Amino acid sequence: MLNLFSICVIRSVMIYLTVLMTGCAVLSQNRLFRSQPDNTGISNTQPPSAAIASAHPLATQAGQAILQKGGNAFDAAITVASVLAVVEPSGSGLGGGGFWLLHRESDQKQMMLDSRETAPLAAHRDMFLDQNGTVQQRLSLDGPLAAGIPGVPAALVHLSEHYGTLSLSETLKPSITIARQGFEVDHRLLRLLNMRQQAILESKAAAEIFFPDGKPPKPGSRLIQNDLANTLEAIADQGFDGFYSGRIAQQLVTGVQQAGGIWTKEDLARYTVEERKPVTGDYQGARVVSASPPSSGGLVLLETLNILSQFPMSQLDHVNRSHLIAEAWKRAYRDRSEHMGDPDFVSVPMQHLLDPNYARALRSTIRHDLALPSRYLSAPLPEFKHGNHTTHFSVLDKHGNRVAATLSINYPFGSGFVAPGTGVVLNDEMDDFVAAPYSPNVYGLIGGSANAIEPGKRMLSSMTPTFIETADKIAILGTPGGSRIITMVCLGLLDFIEGKGPDSWVNLPRFHHQFIPDRILYEPGAFNPSEIEALQQLGHTLTESSRRYGNMQAILWDRSANTVQAASDPRGIGLAVVK
Ligand code: GLY
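Trainee: In this structure, what is going on with the overall build of the chain? I would like to understand it.
Mentor: Per the secondary structure count, the chain includes 21 helices and 18 strands. For a compact globule of 579 residues, the expected C-alpha radius of gyration is about 25 Å, and the chain comes in at 22 Å, within 12% of that figure. Each principal axis of the C-alpha atoms in the chain carries an extent, and together these give about 65 × 65 × 45 Å. Burial analysis of the chain (579 residues in total) assigns 64% to the buried set.

Trainee: Just checking my understanding: could you explain the environment of Arg180 for this structure?
Mentor: Turning to its location among the elements, Arg180 is positioned in helix H7 (residues 173-181). Between the alpha carbons of Arg180 and Leu223 there is a distance of 9.0 Å; along the sequence they are 43 residues apart. Filtering out sequence-adjacent residues up to four positions away, Arg180 remains in contact with Ile224, Asn226, Ala229, Asn230 and Glu233. Reaching out from Arg180, the side chain makes a polar contact with the side chain of Glu233 at a distance of 2.9 Å.

Trainee: How do you make sense of the site of the ligand when you look at a structure like this?
Mentor: Every residue lining the ligand is accounted for by Arg116, His389, Ser408, Asn410, Glu429, Asp432, Ser461, Ser462 and Met463. In the environment of the ligand, a nitrogen atom lies 2.8 Å from a nitrogen or oxygen atom belonging to the side chain of Asn410. At a separation of 2.7 Å, an oxygen atom of the ligand approaches a polar side-chain atom of Ser461. The pocket occupied by the ligand, as judged from atoms lying within 2 Å of grid points, is the second largest cavity. By residue class, the composition of the shell around the ligand is one nonpolar, five polar and three charged.

Trainee: Which parts of the structure should I look at to understand the pairing of strand E9 (residues 391-396)?
Mentor: Within a regular beta strand, the side chains point alternately toward one face of the sheet and then the other, so they alternate between its two faces. Along E9, six of the six residues are buried, which leaves the element largely enclosed by surrounding structure. Residue alternation in E9 divides its side chains into two sets, Thr391, Phe393 and Val395 and His392, Ser394 and Leu396, and both sets are buried. When strand E1 (residues 51-54) meets E9, the two strands line up antiparallel, connected through three bridges. Residue Ile52 lies in a different strand from E9, and its bridge partner there is Val395. Where E9 folds back onto strand E10 (residues 402-408) in an antiparallel hairpin, the turn is made up of five residues, including Gly400, whose phi is positive at roughly 100°.

About the thresholds
Residues numbered from 1 in each chain as written. Predicted model: local features only at pLDDT ≥ 70, side-chain atom pairs only at ≥ 80, totals over all residues. Heavy atoms only, no water. Helix = DSSP H or I, 4+ residues; strand = E, 2+ residues; numbered from the N terminus. Rg over C-alpha atoms; globule rule 2.2 N^0.38 Å. Buried < 20%, exposed > 50% of the residue type's maximum accessible area, 1.4 Å probe, protein only. Contact = heavy atoms within 4.5 Å. Polar contact = N/O pair within 3.5 Å; in protein donor to acceptor, adjacent residues only side chain to side chain. Near = heavy atom within 4 Å. 1 Å grid on protein atoms, 1.4 Å probe; cavity = no way out; pocket = protein on both sides within 12 Å on 5 of 7 lines; lining within 4 Å. Sits in = over half its atoms within 2 Å of the grid points. Nonpolar A, V, L, I, M, F, W, Y, C, P; charged D, E, K, R; others polar. Pairing = 2+ DSSP bridges.

So, to be careful, I would describe these as geometric facts and stop short of saying anything about function.
Next up, the structure:
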């Protein structure tokens, strides 16, 4: 048991660290940048094959066809994302947003394209509270009030104009064709449709698409989306204006407002993507490149790795290793809740969070023989649910260009709302803001003023598209999974460090800790009974997840072996192809 003295010591350290962080210098946010010259010794040789891993076979195949037509990784990313918008409408789409990590081989530029949704201009801090100050979570999850202004259409156009080699009409063609001709409804889509039936049936236009005749589609039947095909065509023909002004914009605004939402034409017209500098760090000889704010993914990942960096991880058994990983996550997710938000609105103390001295101080609060209860790191203990949402895909082309993209409409089928005539399922990312201080969102994530709702602000995300680079290996990985995205990518990365390949990263049983609630969530099979008992004896509470989670899509280019491998998570129906 913790004695009073050790609790006081730990609390003093945490208070000291919090005070230190509040007063620390804030890293300025570079919006546009050239990456620093590569000092990892990575040469510019080209991979022997291209590779794509995505959550749906049709998206992977369409991306491969674009590469074979002479398109580059960025063209393929446009195709894969737009096909996923059609065949995986539960996870991402034109009504959502996301983060695209890019590496352009010709000039070694590395950049994160931020197409995260923004809060509408009429949004305000208390918009999801009733007159008693109680959070009305259905409003931030179901229906058009839950929807931020989408960023994916703008990202497709930006990628095409600045990074691709083919026209948007070529790269969007496969998605338009599949939307018009239909695709076979799979069991996963059906399960998620059933899960979100109530929200979808509340939107007439959504119900007409996904519950024809009021019933769910039959497994194996074809889902046709003509309105979505028309919207994709408008983007192919008119670029940005095809979605953000003109007919589609008018239909979106009218549909949203008639159903109680607050979008205006100005919200759509002023949406912009942002090119941001990714966060980078080193761990055990590998350079890690990942998503920067307004995603928390890269910061939480790197803070975790900094804390773990002085532990002999490879020499530890599963129990002791898992204990240290969970303790590191606890501290990094605590900082997520306290300090992270949209860098255009709040000062995110990035330099300090990634400072090795800060990691050392946090490490000093970790004991090998005892778990520190989260309550001694602060905050109340709400419960949380799990979502199976979002999508990730990874692309490597034969020139060495790379894309890791994690895109989302948040909860499965987002808000469930479709504005009539558009075919676009709108997101419910407004739930990723803090509706009230330390009130948990649907993933149980808490936060304070850094992530409060403000007009035009981007809500904090956990999406973690990541590159790992060593002198001879390059990995591209990411996954959906709400608050668990970061811990899944972290486990994949630690597995990479142990010398394992993408098959192992996507397959390995997962576990998770996010500070609050104070428990290790684990997939069936992640720990055997004696390991569970040993972790409990260290003071951890463990909960087995009702189902396996995540849908990792990963690529590894091994330059010394001159091989490319790719893997798609066996938990999903995706496809990885090396060609
Ligand atoms: N919507 C989940 C996330 O962005 O983290």
